[in-house]
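So the chains spell out like this:
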Amino acid sequence: MVTFSVSTTKKQPKRKTPPKRRSVMNIGYSKYRRRIKGVHLSKDAQTWIKRVGTAAVVIFGVIGIIGAIVLMIFLRNVKKDLPNPGEIWNRNIAEATRIYDRNMNLLYTTFGDQNREYVSLDQIPNVTRAAVLSAEDKDFYEHSGVDWTGLVAAFYDNFRSGKIVRGSSTISQQLVRNTILLDYLGEKAYEQSYLRKIKEILITLELENQLTKDEILELYMNEIPLGGTVYGFQAAAQSYFGKDVSQLTLAESALLAGIIKAPSYYSPLFGFAPEEAIAQKDMVLDLMEKNLTKLNERYGITQEDIDEARLQQITYNPKPIDIKSPHFVLWVRQLLVEMYGAEVVEQGGLTVITSLDYDMQQIAQEEIRVAIDGTGTEVGFREQYNVNNGAMVVLDPQTGEILVMVGSYDYWTIDDPRVDGNVNVTLSPRQMGSAVKPITYLTAFEQGYSPSTLAPDISWSFGAAYQPKNWDGRYDGIIPMRDALLRSRNLPALYTSELVGVHNFVATAERLGISTLNDVSNYGVSITLGTAEMKLLELTNAYAAFASGGIQHEPVPILKVLDKKDNVIYEADLGDSYRVINEQEAYLLNWVLCNESNTTRPMKELYTIGGQRLCGKTGTTDGPRDLTSFLYYPKLVVGVWAGNNNNEVTCGYRYADGTCRGQQGWSTTVPLPIAHSYLQRVIGRFDKAWITRPGNIVEKRVCMDTGLPAGENTACPTETFVFNADSLPDNDDSHKTYPICRVNGLIATNESEARQMGLIDDIMYVDYKLVNTNHDNEWHKWLTDHRDTIAGMLGKNIADVRYAFELPAEATCPLGLGGNNEPVVAFSSPVEGQEVIAETNLRIAFTTISLDPIVSAQIFFDSTLVGTGDINSNSADITYLVPSGTTTGNHIVRVVVRDSADRVTEATRTVSVRQPRNIFLSVSVVNGFSSSVKELQANLSGADIGDVNSVTFYVYNSSNTLVKTLSGEISSVSLWTTNMTISDMTSGAWYTIYAVAKAGVETFESAAYNYQIP
């Protein structure tokens, strides 16, 4: 029985010469005897001060006595209802927490079928006891059950912060809280309250009176939870290492002792962060080293023992526990621990309904296993590419619910470092490769750029220290952002990353829920290639924001939590969402990733299932090592990672230096087929859905060589792109044709005259402006070196295409008058060698240039004067009917002009005259092949019917309105036919049919043929 007493007197030590008795108020009184503005305190004032001081001491003394009495009564009242610590041997077992999937399939029971085996303390080796004491309570054998110093320090810290921020518990207190207090208070045994702590302390003090220290330590080491359903060190030794507790080494003991404070987090088999277990072991060994003197005296532990333990390789020999979807369940358990505390989760009898769909989870696990292992008829990725591990996350983008979480190829494969199975890859930072490029281009769209904006794929330089290349060594030249993203070209992504700014990339990523980009100063433009580590779950949820048009939810693993009385203590708000992307910019990105433009992309066939278009992106890191793929549509998002947990390259065969000499695994050949195969099996459970176009989105025809909207008459290759109407670029297609003077190579200011003189070349100048002006010099050099490529895109000769940065100056084009300044005649018609048919009109047009006025201009056909020019306008434009008797062959058109200085110039053009063709044409109708189809025939006769190159039939109704135009096909030289459908014509009505044949520049029309529709 613990008793409490209060003493109001204190025995003073004897002195040979007792000091003079002084009032409390006299202590240090002399320092107050000072002048205040030259005045001394009076004797009355001094007396008053002494009396007040004495009264205060009496008052505080009385309050102290009353407080002590009240505290004693309070402690007695608290203590009288507390359980007897002796009942610890016969206590009741707490209730298990059960975790279910969304369909109430039981996934895990926290300690259903508890794995525990009681052993006496003498069966537990000294190294294990030493490790536990160092980790949890180094002064266990010295204190009376409570660390009063630590308790006071904790109280002070809690008082300063206004809330409970730390505690102080000895091994004895932990044992009481996890056993007696839990039975007595239930889940309130873990409340952070002072009353609960007082009860814990009182029972602990009583426990220390009733049991020896060794008995307490024995109970503790048999009761302590050590991960999963494992309780006590005997069960832990068997579960983790496959051995008896007596065989534990110091390193193994330190590891187990290190996970005591948070087994659901640190346990290498059942914890949320199993990779932290070794660090915990090292921490315990450090603590043992600090406490080495005491440990050596009690247990014989030496410095050599600790040094050897640091070097020992830990080997696990686990026994699988009854747990479904262990990566997901253990993560959920850790989240519950953060919400309610470890003890409540382990022993509080909670019912937890998660978002997981176990049926879909099993399919995902099977897809990953079959892909890696292969089948009887197909080689797996392990053999093909040295891919030994895989992970998958599946989300509902409309709610954020996590439907599937496969953390590795096999949770229980922990002896293969390429798998390291109990590590949950979906929550582990990994490089995601090109799968992060959408973040770069989304940032660009948010800055006003569009899918058509040029992001050229050329060998850009980003300073002397960074000279990147494309993975395949090739470059696609001029391409828009759409193609750069769909084809996953590296150099355009780096160019765009520099354009938008790395800090803006990081800001966009964080807005999308990426939490691993902690310091923007650590990253350069290569962040767009996936060099920064991200978590698969978080990046999958970023894609979920794309799938929902810019709306994002926090990932939801837990739908509902009920306490052991079935009261709902937590329920997820599935409607809780927030917009992270403007809907117009989200649509621009989806227009690309969903390939709405139907352009070329790698493995295009894997982005459609049963008529449902899928969106997505893949990523491959250097090596290759990390392979990722993301597929989505508005109902489902799938993220897949494949590779090796120890970062071995995904390559079937390698040289000694590690480079690949066999098949390499890529994101398009490993995770993309896994994601596609998985969706094929589950997509039927969900409705079809499509990315919808929001308002303010417009379509424009775009010049593919500039990325700008095309003008009505622009001569450039075009495709249709979408734009945010608020950031539509100016309608400037940047293709301009200039009149270049052949004499001086400059833009002619006297274009009309120079063109008449035949001195003008029409040259297209294109203004290929970069939005990222950091690379203008590189860009201009590339354009100059690839002039033939540009000309090919525009369908022009290389000499006819030049660039705006080469644009010449404007100047007068020298016209080149005669040697004695004779006038110059410039023909515009006819051209040299032009064919002319007798009995048709020949146009003769020219202009004259002279120093002095023209006084006469005569036009001759051979020797015949056929017209005169207008001397006032220095030009002529007449029509001359070539006579029917004109002989076949060459004839001369001649112009003679005279100026006022009597200078004469003569200019000629040669034309070739031939006689009209001998062709006659008639039309007939044949019954045809059915009542609704009639055959039209054009019958040709005459000497030149072989020259006919086309026949067209024209059908008019009785109102002389053209109702049909039909192209004929040649059946023989003298017969052209076509089929006329009459089902859409009026039965019994009359129609008139003509046929027109073309032979060169001549046309021949048949007589009218009248036909009544049956």
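What comes next concerns the included structure. Owing to the predicted nature of the structure, the values given are computational and were not obtained by experimental measurement. (Residues numbered from 1 in each chain as written. Predicted model: local features only at pLDDT ≥ 70, side-chain atom pairs only at ≥ 80, totals over all residues. Heavy atoms only, no water.)

## Points about the overall build of the chain
Inference 1: Scanning the chain from terminus to terminus reveals 27 helices and 42 strands.
Inference 2: Across the 1014 residues that make up the chain, the buried fraction comes to 50%. (Helix = DSSP H or I, 4+ residues; strand = E, 2+ residues; numbered from the N terminus. Buried < 20%, exposed > 50% of the residue type's maximum accessible area, 1.4 Å probe, protein only.)

## Notes on the packing of helix α11 (residues 277-290) against helix α13 (residues 303-311)
Inference 1: The N-to-C vectors of α11 and α13 enclose an angle of 170 degrees; their axes lie 10 Å apart at closest approach. For the element pair α11 / α13, the angle class is roughly antiparallel. Facing α11, whose interface residues are Lys281, Leu285, Asp286, Met288 and Glu289, α13 presents Gln303, Ile306, Ala309 and Arg310. (Axes fitted to C-alpha atoms, helices over the stretch in contact; angles between N-to-C directions. Parallel < 35°, antiparallel > 145°, perpendicular 65-115°, else oblique. Contact = heavy atoms within 4.5 Å.)

## Regarding the nonpolar core
Inference 1: The biggest cluster of nonpolar side chains holds 166 residues, and the ones touching the most others in it are Met288 and Leu539.
Inference 2: Considering every element that reaches this core, the biggest residue donor is helix α22 (residues 536-547), with 9 residues.
Inference 3: Residues in contact with Met288, not counting those within four places in the same chain, are Ala130, Ala131, Ser134, Leu250, Leu295, Ile301 and Ile306.
Inference 4: Counting 36 residues, the second largest nonpolar core, distinct from the first, contains Ile368, Ile372, Val394 and Val638. (Core = buried A, V, L, I, M, F, W, Y, C linked by side-chain atoms within 4.5 Å.)

## Some remarks on the sheet that holds strand β34 (residues 920-930)
Inference 1: Read from one edge of the open sheet, 4 strands run β34-β35-β39-β38, paired in antiparallel fashion. Strands at the two margins of the open sheet, each flanked by one partner only, are β34 and β38 (969-972). Averaged over all pairs of adjacent strands, the angle between strand axes in this sheet comes to 30 degrees, irrespective of strand direction.
Inference 2: With 8 bridges joining them, β34 and strand β35 (residues 933-941) adopt antiparallel strand pairing. Bridged to Leu921 within β35 is Leu940. (Pairing = 2+ DSSP bridges.)

## What about the packing of aromatic side chains?
Inference 1: Under the criterion given, the structure shown has 24 aromatic pairs.
Inference 2: Relative to Tyr266, the ring of Tyr265 lies with its centre 4.9 Å away and its plane at 85 degrees, an arrangement referred to as edge-to-face.
Inference 3: Centroid distance Tyr411 to Trp412: 4.8 Å. Interplanar angle 85 degrees. Geometry classified as edge-to-face.
Inference 4: Joined through ring pairs, the aromatic side chains of Tyr240, Phe241, Phe270 and Tyr316 make up one cluster.
Inference 5: Note that Lys213 overlies the ring of Phe140, its terminal NZ or CZ placed 4.5 Å from the centroid.
Inference 6: Over the aromatic face of Phe860 sits the side chain of Arg894, whose NZ or CZ is 4.3 Å from the ring centroid. (Phe/Tyr/Trp six-rings, centres within 6.5 Å; stacked < 30°, edge-to-face > 60°. Lys NZ or Arg CZ within 6 Å of the ring centre and 35° of its normal.)

## Quick word on the pairing of strand β41 (residues 1002-1005)
A regular strand places its side chains so that they alternate between the two faces of the sheet.
Inference 1: Across the two faces of β41 the burial differs, with Glu1002 and Phe1004 buried and Thr1003 and Glu1005 not buried at all.
Inference 2: Both strand β40 (residues 990-999) and β41 contribute to a ladder of 4 bridges, which runs antiparallel. Looking across to β41, one finds that Lys998 is bridged to Thr1003.
Inference 3: The loop that links β40 with its antiparallel partner β41 comprises 2 residues; one of these, Gly1000, has a positive phi angle of about 65 degrees.

## Some details on the state of the cysteines
Inference 1: As enumerated under the stated definition, the model contains 3 disulfides in all.
Inference 2: The side chain of Cys703 participates in a disulfide bridge whose partner is Cys716; the two sulfur atoms lie 2.0 Å from each other. With the S-S dihedral at roughly -70 degrees, the linkage between Cys703 and Cys716 falls on the left-handed side. A residue pair is termed long-range when its members are at least 10 positions apart, and Cys703 in strand β19 (residues 697-703) and Cys716 in the loop between β19 and β20 (718-724) qualify at 13 residues.
Inference 3: Judged by its relative accessible area of 13%, Cys716 falls in the buried class.
Inference 4: Sulfur-sulfur distance for the disulfide between Cys741 and Cys813 comes to 2.0 Å. Sign of the S-S torsion, about 65 degrees for the bond between Cys741 and Cys813, identifies this disulfide as right-handed. Pair noted here: Cys741 is in strand β21 (residues 735-741) and Cys813 is in the loop between β25 (810-811) and β26 (824-829), with a separation of 72 residues, a long-range link. (Disulfide = S-S within 2.5 Å.)

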